[in-house]
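An overview of the molecular structure
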Amino acid sequence: MTKSKDAPKSNEAVKTAATSGADVTEESPPSYAKIGVTPMAICDRLRIIDAETGDLIEKVIEADADKGLVVRYLVEDGTLVRDDNRFKTVEEARAIRIEWRTGNQKDSF
C-alpha cells in the first residue's frame, strides 16, 4: 500500500501546473487573478464570465470571484478608452465565474 501525500492547495497546484506545462484544466481555476501578480501562464488560460448573463468579460485587469469584483479596461466600440495618456478602467461589483479557457475560446486577460 502506498502512502498518499497531502493534496496541494488549489493556487499552488495551478502555479505548479503552469510552470511544468501540465494541463491545468484538470485543476479548479483560481478564484482570484490579477495582471502582474498571477503568472501570465495562468491569466492566458482564464475566462471571466458574468454569472447572470453568461457573457465573457474582456480586458480584465483583476478578478475576484469570492468578492464579486472585476477591474477592467473601459472599451467603447471595440476600442480602449483613453483619459489623456492613460487607459480608463472600471471597477465593478458583480457576480462572476472564473473558468479555464478551452479550445478556441477567447481569454479575458
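Quick caveat, the model's predicted, so the values are computed rather than measured.

A closer look at the confidence of the model for the chain
Summarising the model, the chain shows a mean pLDDT of 83, and 76% of its residues fall at 70 or more. Taken as a whole, residues 1–10 scores under 50 in pLDDT and shows 3 contacts with residues more than four places along the chain or in a different chain.

Considerations on the environment of Ala-93
Its place among the elements puts Ala-93 in strand S10 (residues 89–93). Under the relative-accessibility criterion, Ala-93 is labelled exposed at 75%. Note: C-alpha distance between Ala-93 and Lys-67 (26 residues apart in sequence) is 8.0 Å.

Some points on the sheet that holds S10
In space, the 4 strands of this open sheet follow the order S1-S4-S5-S10, with antiparallel pairing throughout. Each edge of the open sheet carries a strand with a single partner, namely strand S1 (32–34) and S10. Direction aside, neighbouring strands of the sheet carry axes that sit 15° apart on average.

Details of the nonpolar core
Formed by 13 residues in total, the largest nonpolar core has its most connected members in Leu-46, Ile-48, Val-60, Ile-96 and Phe-109. Where this core is concerned, the elements lending two or more residues are helix H2 (40–43), strand S2 (46–50), strand S4 (60–64) and strand S11 (96–100). The biggest single contributor to this core is S11, with 3 residues. Excluding residues within four positions of it along the chain, Ile-96 makes contact with Ile-48, Ile-49, Ala-51, Ile-57, Ala-63, Asp-64, Ala-65, Leu-69 and Val-70.

Brief notes about a nonpolar patch on the surface
On the surface, a cluster of nonpolar side chains totalling about 230 Å² of accessible area is made up of Tyr-73, Val-75 and Phe-87. With respect to the secondary-structure elements, Phe-87 resides in strand S9 (residues 86–87). Taking relative accessible area as the criterion, Phe-87 reaches 39% and is therefore assigned partly exposed.

What counts, and at which threshold
- Residues numbered from 1 in each chain as written.
- Predicted model: local features only at pLDDT ≥ 70, side-chain atom pairs only at ≥ 80, totals over all residues.
- Heavy atoms only, no water.
- pLDDT = per-residue confidence, 0-100.
- Contact = heavy atoms within 4.5 Å.
- Helix = DSSP H or I, 4+ residues; strand = E, 2+ residues; numbered from the N terminus.
- Buried < 20%, exposed > 50% of the residue type's maximum accessible area, 1.4 Å probe, protein only.
- Pairing = 2+ DSSP bridges.
- Axes fitted to C-alpha atoms, helices over the stretch in contact; angles between N-to-C directions.
- Core = buried A, V, L, I, M, F, W, Y, C linked by side-chain atoms within 4.5 Å.
- Patch = residues over 30% accessible without salt bridge, like charges linked within 9 Å, V, L, I, M, F, W, Y side chains within 5 Å.
- Areas by Shrake-Rupley, 256 points an atom, 1.4 Å probe, with all protein chains shown as cover.
- Salt bridge = Lys/Arg side-chain N within 4 Å of Asp/Glu carboxyl O.

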